[in-house]
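Structural overview
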Amino acid sequence: MPLRRLTIRQKLTGIAMLSSFTALVSASIAFLAYDLHSIRQSLARRILTDAQIVGFNSISPLVFNDAETAAATLNGLRAEPAIVAAIIRAQDSAAPFATYFRDGPPVPHPAFPAPAVLGPVFAADHLLVSEPIRFEGRPIGTLVIQADLAEIRNRQRRYAGIVVAVLAGSFVLALGISRLMEQSISRPIVRLADTARAVSAQKDYSVRAHGAGRDEVGLLIGTFNQMLDQIQRQDSDLKEAHADLERRVETRTRDLAAANKELEAFSYSVSHDLRAPLRAIDGFSKAVLTDYAPRLDDRGRHYLERVRAGTLRMSQLIDDLLGLARVSRRELVRKRADLSDIAGQVAAELRRRQPARKVQVKVQPGLVAEADPHLLAIVFENLMGNAWKFTGKREDARIEVGRQADGGAPAFYVRDNGAGFDMQYADKLFGAFQRLHAEADFEGTGIGLATVQRIVARHGGRIWAEGRVDEGATFYFTLERNP
Amino acid sequence: MNNRPILLVEDNPDDVELTVMALKESKITNPVVVARNGVEALDYLFGTGSHAGRDVSLQPVVVLLDIKLPLLSGIDVLRRMREDDRTRRTPVVMLTSSDEREDIANTYDLGANSYVRKPVEFEGFVSAARQLGLYWTVLNEPPGAAR
């Protein structure tokens, strides 16, 4: 398992165990090494002392060539159990003068190596000690003693057992202690992590982490709690603002619904009640004109005709105003609208109403938009109706419907070569009741373009116009959802 | 020619006079019974209230019904007529100054036979009345006539 996947508790325990184990093992190794060294030294010293004593006692047997006494002397080495064998050689003689074997003479007779140096020499499994035998300062022979290292090995084995036992014991002890110690560190951290998880999962910013000591963990918990304070404050501010906004939207929606209802009642009453007196004025004027014709002179008849004309105009105004109101109220239904088809139908209707007029109408084919076809029909009725109206005084009247795609969003346009307008007044074109021409020249209520603008605005589009006096006008509009 | 009355339900005296004038101008001679509100119209149709004792087997040849009326609206009158067997098939022409889409849809849903918007111009009024009168009094055989 990678180290970073361990929990903090496991890491802390691991650190404690590893450090105590390392300390213990290195101490044991050092102690073992020292002990090994000292036991070898003491063995070497002991054997050397034995060699010196036996060597001294062998002087006279060597001088008097008494091998029996020499062997008896060597046999005294039996008191030292580590000594395996001993041999005395006379000076300048290859054959042994006297020998001693702890476990009986081996077969074949071992060739005692003659050590290159005097004194104790350690080999892999034994110790050799060579001691010169001197008489009156002159070397007369050599004593070589071989000792085994069983004692050292036994002691090493015992020590290893002790070390393992101590290690195991202290391991268990260290584990217990570290468990106790790491809880004081890991428990607050684990609790902090639990708190953080709860906050994140339940979005409850009112909980707090507990158990702040004076160490770094305590500092962390304190800072965490401060952070929670801030988040809780911000959260409640946000909720309050949201609720406030919701309340405001609700109020506005209610106000708007009330205003809409009022507008609806208003236009309903306008369409019913305002028309009735107009019918009376017109109808009774007509009755006077027919029933009292003999008693009326030309002037009387003229006045009554003016009354009737005014009545009709007022009726048209009411109709147009209601149309404008209806356009605002109607739900916008976007679908694929064939604008070329709509414009074509409008042109046909205009020709039907005034078959005597000669107007060249050119509609670009394939004009489509995602828009409300019913409202778009009202747009073209007004724009093309205006074009038709304002080209009334031209022989070569021309109306053009198309789309202009250069730069930015595509704009649809209706262009004519009629009376046009002064660009100076372009901003007045789209206001209700705003007219740029005298009623006598071109009739109209001044509501049509306001209606068109309302429809374009409801589609999220934009409308504008270009024109020159006596050269014509072009009305552009877009229908994008997000301009 | 059928000479049963035409019931005109209209609260505006100007409109009553103009309608009568227009009918006369269109040479329609059926008597015109005028009800000034919805309650009066139902009283006439069902022989109740001020018209108690009227022979209700004699139903009008056509009812010209305004929508905006005091007490009971034209739409209420129409609903009550269509709920009653005696008037279920009596022709009803909604004659009103409103051309609100909702009104038109509502009255057709409730079983109005026609919907005519009263034009402001008197000539238009006359021609509408003429067409109406011709249609409902001459060309159209009302359901009751078979008896």
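Residues numbered from 1 in each chain as written. Chains lettered and ligands numbered in written order. Predicted model: local features only at pLDDT ≥ 70, side-chain atom pairs only at ≥ 80, totals over all residues.

**Section: the interface of chain B and chain A**
Listed by partner, the interface residues are 15 residues for chain B and 15 residues for chain A. Of all the secondary-structure elements, those providing two or more residues to the side of chain B that touches chain A are α1 (13–25) and α5 (122–139) of chain B. No other element matches the four residues that α1(B) contributes to the side of chain B that touches chain A. Residue classes in the side of chain B that touches chain A are distributed as five nonpolar, three polar and seven charged. (Contact = placed C-beta atoms within 7 Å. Helix = DSSP H or I, 4+ residues; strand = E, 2+ residues; numbered from the N terminus. Nonpolar A, V, L, I, M, F, W, Y, C, P; charged D, E, K, R; others polar.)

**As for the sheet that holds strand β4 (residues 126–135) of chain A**
Residues and elements named next belong to chain A. The strand order across the open sheet formed by five strands is β2-β1-β5-β4-β3, and the pairing between neighbours is antiparallel. Lying at the two open borders of the sheet, with one neighbouring strand each, are β2 (96–101) and β3 (119–122). Sheet twist, expressed as the average angle between the axes of neighbouring strands with direction ignored, equals 15 degrees. The strands that helix α1 (residues 8–57) touches are β1 (83–90), β3, β4 and β5 (138–148); relative to β4, the one it contacts most, it runs at about 30 degrees. (Pairing = 2+ DSSP bridges. Axes fitted to C-alpha atoms, helices over the stretch in contact; angles between N-to-C directions.)

**Some remarks on the packing of helix α2 (residues 38–46) of chain B against helix α3 (residues 74–83) of chain B**
Residue and element names in this part refer to chain B. Across the interface, α2 lies against α3 with an axial gap of 9 Å and an inter-helix angle of 20 degrees. Compared by their axis directions, α2 and α3 come out roughly parallel. Every pair of crossing elements has a handedness; the one defined by α2 and α3 is right-handed. Residues Gly38, Ala41, Leu42 and Leu45 of α2 form the contact with α3, whose own contacting residues are Gly74, Asp76, Val77, Arg80 and Met81. Counted by class, the contact of α2 with α3 contains five nonpolar, two polar and two charged residues. (Parallel < 35°, antiparallel > 145°, perpendicular 65-115°, else oblique. Left-handed = near helix turned anticlockwise from the far one by under 90°.)

**Details of the pairing of β3(A)**
Residues and elements named next belong to chain A. The sheet contact formed by β3 and β4 spans four bridges and is antiparallel. Looking at the pairing, Pro120 lines up with Val129 of β4. Linking β3 to β4, which pair antiparallel, is a turn of three residues.

**Brief notes about unusual backbone geometry**
Most of the time, phi is negative for any residue but glycine, and the peptide bond is trans. Residues and elements named next belong to chain A. Positive phi values are uncommon outside glycine, yet Asn65 reaches one of about 55 degrees. Relative to the elements of secondary structure, Asn65 occurs in the loop between α2 (59–63) and α3 (67–75). When the 10 C-beta atoms within 10 Å are taken as the criterion, Asn65 is described as exposed. With a phi angle near 55 degrees, Lys203 is a residue other than glycine that sits in the positive phi range. Position of Lys203 relative to the elements: it lies in the loop between α4 (150–202) and α5 (216–291). Using a count of 9 C-beta atoms within 10 Å as the deciding quantity, one classes Lys203 as exposed. (Buried ≥ 20, exposed ≤ 12 C-beta atoms within 10 Å, placed from the backbone.)

**A short note on the confidence of the model for chain B**
Mean pLDDT over chain B stands at 82; residues scoring 70 or higher make up 88%. Here the predicted complex scores 0.51 on pTM and 0.76 on ipTM. (pLDDT = per-residue confidence, 0-100.)

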